[in-house]
Amino acid sequence: VIEKDYAEVVFHVEKDPGSAISNETYTIYRKTLSSSYQAVREVAASEIQNGAYIFLDRYLDRNVAYTYVIQARSSQGDILALSNEQTI
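Now for a description of the structure that goes with this document. Note that the coordinates shown come from a computational prediction; the quantities given were computed from them, not determined experimentally.

Attention now moves to the overall build of the chain. Secondary structure assignment for the chain yields zero helices and seven strands. Looking at the chain as a whole, 28% of its 88 residues qualify as buried. When contacts within the chain are restricted to residue pairs at least 6 apart in sequence, those whose partners lie at least 24 apart make up 55%. As displayed, the chain offers around 6300 Å² of accessible surface, 47% of which is attributable to carbon and sulfur atoms.

Here we come to the nonpolar core. In a soluble, globular protein the nonpolar side chains are often hidden away together inside. Counting 14 residues, the largest nonpolar core has Phe11, Tyr26, Ile28, Val43, Ile48, Tyr53 and Tyr68 as its most contacted members. Elements represented by at least two residues in this core include exactly β1 (4-12), β2 (25-31), β4 (52-61) and β5 (67-73). Those residues in contact with Tyr53 that lie beyond four places of it in its chain are Val9, Val10, Phe11, Ile28, Arg41, Val43, Glu47 and Ile48.

Together, Tyr6, Val10, Ile54 and Leu56 make up a nonpolar patch on the protein surface, roughly 360 Å² of accessible area in all. Of all the elements in the fold, those that place two or more residues in the nonpolar patch are β1 and β4. With respect to the helices and strands, the residue Val10 is situated in strand β1. Looking at Val10, the relative accessible area reads 37%, which means it is partly exposed.

Take the pattern of salt bridges next. Enumeration over the complete set of coordinates arrives at four salt bridges. A salt bridge links Arg41 to Glu47, with the nearest nitrogen and oxygen atoms 2.8 Å apart. The exposure class of Arg41 is partly exposed, given its relative accessible area of 28%. Salt-bridge contacts for Arg73 lead to Glu42; the nearest nitrogen and oxygen are separated by 3.2 Å. Taken together, the residues Arg73 in strand β5 and Glu42 in strand β3 (residues 38-44) connect sequence positions 31 residues apart. Classification of Arg73 as buried rests on a relative accessible area of 16%.

About the thresholds
Residues numbered from 1 in each chain as written. Predicted model: local features only at pLDDT ≥ 70, side-chain atom pairs only at ≥ 80, totals over all residues. Heavy atoms only, no water. Helix = DSSP H or I, 4+ residues; strand = E, 2+ residues; numbered from the N terminus. Buried < 20%, exposed > 50% of the residue type's maximum accessible area, 1.4 Å probe, protein only. Contact = heavy atoms within 4.5 Å. Areas by Shrake-Rupley, 256 points an atom, 1.4 Å probe, with all protein chains shown as cover. Core = buried A, V, L, I, M, F, W, Y, C linked by side-chain atoms within 4.5 Å. Patch = residues over 30% accessible without salt bridge, like charges linked within 9 Å, V, L, I, M, F, W, Y side chains within 5 Å. Salt bridge = Lys/Arg side-chain N within 4 Å of Asp/Glu carboxyl O.

Structure follows, in structure tokens:
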């Protein structure tokens, strides 16, 4: 029997007061110990609700550790920020 599970990835967006940055996108990346980062979801700024976004990553192997990182990019494609890694 192969058991699959899911991960709930929640990230919060904090902008500096008076920031002129808008229309940014956020890319959620995932990796395992034996793989490199792969983009699993791109999130538009308009999808952020009350400063947060919840992503359900489904059909994961229960006995595998997954590491996530989130990258923020401007509408011109410039990298604005990269989150810390979070392993679950």
